[in-house]
Amino acid sequence: MQFGLLGPIQVLSDGAPLSLGQPKQRVLLGRLLLRRGRFASREELIEAIWGQSPPQSAVGSLHVYVHGLRRLLGAERIESRGTAYRIRVDPGELDLDRFEELVEQARANLDAGEVERAAGAIERALGLWRGPALGDLPSDMLTAERAHLDELHVSALELQLDIDLAWGKHERVVAQLSTLIAEHRFRERLRELQILALYRSGRQKDALEAYRQAREVLVKELGIEPGPRLRELEGAILRQEPDLAAQTPPPAPAADATTPGREVELPTPPTRLIGREHEIAEVEALFLHEGARLVTLTGPGGTGKTRLALAIAERLAKRMPDGARFIDLSTAPDPELLLPMIAGELEVPEGHAPLESITTQLRPLRTLLVLDNLEHLLPAATALSDLLSAAPRLLILVTSRVRLRLRAEHEYPVPPLSPPQEGAPFAEIAHSEAVQLLVERTRQVNRSHELTESTAPAFARICRRLDGLPLALELAASRMRTFSPSEVAASLDHALELLVDGPRDLPARQRTLRATVEWSCQPLGEAERRLFAQLAAFAGHFYAEDVVAVCGAESRESLASLVEFNLVRQPPPDGFAMFQTIRGYAAERLEESGDSDAVRGRHCRHFLALAERAYAAILNGEEPVSGFRSLERAHDNLREGLSWAAHTGEVELEVRLACALRQFWIVRGHLAEGRTFFERAVAATETADGRLRAQALMNGGPFLYRQGELAQARAWWEEALALLTADRDVAGASRCAGELAAVAFSEGDLERSAAQYERAADGFAALGDRMRLGIVRTNQAEVAAMRGDLRAAIEYAEESVGIAREVHDADGLALALHTLGRLAQRSGDSSRVRELFSECLVRARDLGYREILANCVQVAAELTLAESDDPEFAARLQTIAGQALDRIGVRLQGLEAERFDRTARAFEMRIDAERLREIADEAADVPLESILDDALVLLQPDPSPARRHRTPAGQPRKSEPSRTRPPFNRSA
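Residues numbered from 1 in each chain as written. Predicted model: local features only at pLDDT ≥ 70, side-chain atom pairs only at ≥ 80, totals over all residues. Heavy atoms only, no water.

### Details of the overall build of the protein chain
No. 1: Within the protein chain one finds 46 helices and 10 strands.
No. 2: Taken along its principal axes, the extent of the C-alpha atoms in the protein chain is 110 × 75 × 45 Å.
No. 3: Partitioning the intrachain contacts of the protein chain with sequence separation of at least 6 by distance along the chain shows that 70% fall at a separation of at least 24.
No. 4: Carbon and sulfur atoms make up 49% of the accessible area of the protein chain, which amounts to about 41000 Å² in all. (Helix = DSSP H or I, 4+ residues; strand = E, 2+ residues; numbered from the N terminus. Contact = heavy atoms within 4.5 Å. Areas by Shrake-Rupley, 256 points an atom, 1.4 Å probe, with all protein chains shown as cover.)

### Digging into the side chain of S478
No. 1: Position of S478 among the secondary structure elements: in helix α20 (residues 470–479).
No. 2: Only 2.5 Å separates the side chain of S478 from the backbone oxygen of L475, close enough to count as a polar contact. (Polar contact = N/O pair within 3.5 Å; in protein donor to acceptor, adjacent residues only side chain to side chain.)

### Some thoughts on the environment of A324
No. 1: Looking at the secondary structure, you find A324 in strand β7 (residues 324–328).
No. 2: With relative accessibility at 2%, the residue A324 sits in the buried group.
No. 3: Sequence separation between A324 and T367 is 43 residues; the distance between their C-alpha atoms is 5.5 Å. (Buried < 20%, exposed > 50% of the residue type's maximum accessible area, 1.4 Å probe, protein only.)

### Structural notes on the pairing of strand β2 (residues 10–13)
No. 1: As defined by bridge partners, strand β1 (residues 2–4) adjoins β2 across three bridges and the pair is classed as antiparallel. Among the inter-strand pairings, F3 is bridged to a residue of β2, identified as V11.
No. 2: Connecting β1 to the antiparallel partner β2 that follows it, the hairpin turn spans five residues, and G7 within it adopts a positive phi of roughly 140°.
No. 3: Alignment of β2 against strand β3 (residues 16–17), held across two bridges, turns out to be antiparallel. Within β3, the position partnered with L12 by the bridge is P17.
No. 4: Hairpin remark: β2 followed by β3, antiparallel, with two residues in the connecting loop; positive phi at D14, about 55°. (Pairing = 2+ DSSP bridges.)

### So, the packing of aromatic side chains
No. 1: Summed over the entire model, instances satisfying the criterion amount to 11 aromatic pairs.
No. 2: A ring pair is formed by F538 and F607, whose centres lie 6.3 Å apart and whose planes are at 80°; its orientation type is edge-to-face. Here F538 is found in the loop between α24 (526–534) and α25 (544–551), whereas its partner F607 is found in helix α28 (residues 596–620), with 69 residues between them in sequence.
No. 3: Among the residues examined, F607 registers a relative accessible area of 2% and is labelled buried.
No. 4: Between Y705 and W717, the ring centres sit 6.1 Å apart and the planes meet at 50°, which makes this aromatic pair tilted. In this pair, Y705 is assigned in helix α33 (residues 690–706) and W717 in helix α34 (residues 710–726), connecting sequence segments 12 residues apart. In this pair, the class of Y705 matches that of W717, namely buried. (Phe/Tyr/Trp six-rings, centres within 6.5 Å; stacked < 30°, edge-to-face > 60°.)

### Here's the deal with unusual backbone geometry
No. 1: For N373, which is not glycine, the phi torsion reads 65° and is therefore positive.
No. 2: Tracing the backbone through its elements, the reader meets N373 in the loop between β8 (368–372) and α16 (383–390).
No. 3: At H808, a residue that is not glycine, the phi angle is positive and equals roughly 60°.
No. 4: For H808, the location among the structural elements is in the loop between α38 (790–807) and α39 (810–827).

### Topic: the nonpolar core
No. 1: In terms of nonpolar packing, the biggest core is built from 251 residues, with F99, I462, F532 and L535 touching the most fellow members.
No. 2: With 12 residues, helix α31 (residues 651–667) is the single largest residue contributor to this core.
No. 3: When near neighbours in sequence (up to four residues on either side) are disregarded, I462 contacts L438, L473, A476, M480, P485, V488, A489 and L492.
No. 4: Within the second largest apolar cluster, 29 residues are counted, among which are I342, L362, L388 and L394. (Core = buried A, V, L, I, M, F, W, Y, C linked by side-chain atoms within 4.5 Å.)

### Structural notes on the packing of helix α18 (residues 433–445) against helix α19 (residues 456–465)
No. 1: One way to put it is that α18 packs onto α19 with a least axis distance of 9 Å and a crossing angle of 110°. Put simply, α18 runs roughly perpendicular to α19. The two elements α18 and α19 meet at a crossing, and its hand is right-handed. Each of A434, V435, L438, V439 and T442 in α18 lies in contact with α19, whose residues at this interface are F459, A460, I462 and C463.
No. 2: Taken together, the residues that form the contact of α18 with α19 break down as eight nonpolar, one polar and no charged. (Axes fitted to C-alpha atoms, helices over the stretch in contact; angles between N-to-C directions. Parallel < 35°, antiparallel > 145°, perpendicular 65-115°, else oblique. Left-handed = near helix turned anticlockwise from the far one by under 90°. Nonpolar A, V, L, I, M, F, W, Y, C, P; charged D, E, K, R; others polar.)

### Digging into the pattern of salt bridges
No. 1: Throughout the structure, instances matching the rule amount to 63 salt bridges.
No. 2: R656 is the salt-bridge partner of E652, the closest N and O atoms lying 3.9 Å from each other. Of the two residues, E652 and R656 are both situated in helix α31; the distance of four residues between them amounts to about one turn of the helix.
No. 3: What makes E652 partly exposed here is its relative accessible area of 48%.
No. 4: A single salt-bridge network, built from bridges that share partners, covers R714, E718, E747, D749 and R752. (Salt bridge = Lys/Arg side-chain N within 4 Å of Asp/Glu carboxyl O.)

### Some points on the packing of α31 against α33
No. 1: Where α31 contacts α33, the two axes come as close as 10 Å, and the packing angle between them is 35°. When you trace α31 past α33, the crossing you get is left-handed. Counted together, V651, E652, V655, C659, R662, W665 and I666 of α31 and L692, Q695, A696, N699, P702, F703 and R706 of α33 form the full contact between these two elements.
No. 2: Residues that form the contact of α31 with α33 fall into these classes: nine nonpolar, two polar and three charged.

### A few points about the state of the cysteines
No. 1: Going through the model one piece at a time under the given rule, you end up with zero disulfides.
No. 2: Lacking any disulfide linkage, C551 is separated from the closest cysteine sulfur, that of C604, by 14 Å.
No. 3: For C551, a relative accessible area of 8% gives the class buried.
No. 4: The thiol of C840 is unpaired, and the distance to the nearest cysteine sulfur, on C856, comes to 3.6 Å. (Disulfide = S-S within 2.5 Å.)

Now the structure itself:
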């Protein structure tokens, strides 16, 4: 990881920025980083976050932020000792540490007379600054720390000016100081440097006038005379003392001797670079610290390789006595022109041996050669090895869609700009470099489109849809001359057709997104082109075994080539993916081939087989956790298969896929998505085989039921029951009976509910289906409890727990534990409540069962409210739980809704309304996962007598009949 304080607080993991959450959590991270590995007391951290008047909930909130950082950075990064915390940062990971080391190195080099090395060190140090220190925090937070960092920055700038004076760059120093002095009017050291630079530039009168102005400012505005050093400098200038004269500067760059009168310049980009500081620093480090002499920036068209190369060259050229040369090779039609084009840029006389002429020119020079767009001249790339051998001080920076495969080469894949995640808060969207680029380019064509709370989602969606590719974002920005951000975002399913309005001064291959992708595909062979088109069938991440299953064993070699050409990515930790813009072009090629339905059909059947194996593992209790993970890994491709099957009328494939995903959708909280696919499947089976329609109706009903659509769910299950009974399908009819029992329960008909559950239980017992019998027992426990028979309810629930353990039904066990825990609450057995809900939370977390997890957190809120003096922390827990349920589309009914409401009313009695609103705002963007460790701690059994026999707030000690649905009816 890389941690940044010199600018907005930043954490990079494998080069990708992490979302650091709300400002208070970022303040905590900043304070811990500033402690440099030392422990910070709880009181110190609370003061840093809230100042001198922290709220009563500060301790609990601090705990939340600590766990948020642990979730983000890894638990091992945030260490605790009692109530104190520290962050573990390894050497070289914190930009402030690197900055101070480089500044000290520059001072030592300057003191030793090594001016060139001093200049390089201070340039690298100042290059670490990305803006004002801690610039993303509210202005009233960490003010003293910010002032200290600003002082370090200005001191480093002063050192850089000292070095420039030693180098003899007096006029440059004068120019820079005009800006710096305006910002730091009372800083005497800057005044000293200005006066000295003017004097050494032969401007004694101006130097004395600068002293007069300095004195006037200090006397009139501060009421003090200049310090002794400033006064002594004035006297020395009046006496023209010899010691003031500049020392002999280092020898003039050798390039001036070999190319007299010629200034070395890089092309000036028409727009400023957004972001990329991390990439610039990494490539710079390859050259300066790791000894690289040839670095290739690789990536598909549109990732911004050329723009990044120019920024790197500009930075490196300041350290190269002979500057840098930039050569655009995109117009070279033949590999044999590589050396002649280099010779032409170097103004080498034409001859019959260009390699010898070039090496003769380059041998004495310390220069950087930038070769742009080398990918179509690869056969000639070996000449670069000859240049490096003959010119030992030469550095070469290349941009290419593919690596060169030379021994000296260091490849640096250029990533796209990271777009914000879906649902990201405004602060995270605004911090995204992809969004910043899109917004700035949009302002160039239409200043009315600003980034606001209302436009941020559209800007973020554009960045995600275009994969953060800089060229695609710039083309999208051009459309906002006439369209709003939301209109552009809504139209990007046809990005290749829409993004066609690039600036005229761009190369032709970059004026449209299609032209850029076509350029990238030109070098492909026939087998590679065929596989490239077929990969359009895949969505999201996929794996080599998937490609072989769909495209054939011969696809392995072509897949490796597509990775080599950066048309297929290998994002961590494994697997493959395509940018959506590139995939859209591949889809066009697949349609043109005439093989689209055949390829997509193989894709659909392959992932159907995967899904059915995973579902069987879940139902059989073989590997339930790995079964859910397999479905999660393949989810994008399963969606793609479902959509294709629905579009082409493959009804059987559509229904089988939806049924295989049913339990995954429920457990992982994809209720709206599951409902959409099942409604489509039910509509498609109106004239289909009755057994197929029954499967769609029976398995789709739970999504309607969980979202409160009871009448529609009942209609589906009644129709399915009739079809399955006619087909003598006892198992299916028993499942429908259990589902209809849940509807009857929710409608208040406890007698009909009990009868239907009994029918379902008898059917499963006769079939020997222990897993589904256990599910029914869980639901029968709820019915018995609502009928006032708490003993029978506990017996049913304990039987369901035992069956779930016996058959290894992972999600059934989580539900059974939840039900038994709620029954323990009614009986007032607090210790048993904690034991059951602790295990329930652990099991649900293994599965990613979001609905159960949210309700476990709510239980923790109840217990915290009843048994601690921190009601605000309890309110935070319940708020996060409620928001998690809202996000997955669960409509709370009956007993669970009553519990939430009862606890909310208790909060209103103990916390004022304004503070409750603040707590809701603070918890708005806190993910459920970040609070699970806290909830688990709160649910741990406590042996103390004071807690063992207490009843959670607002809960009765005996059963409480209520006309409500079972809170977690699990479909059989």
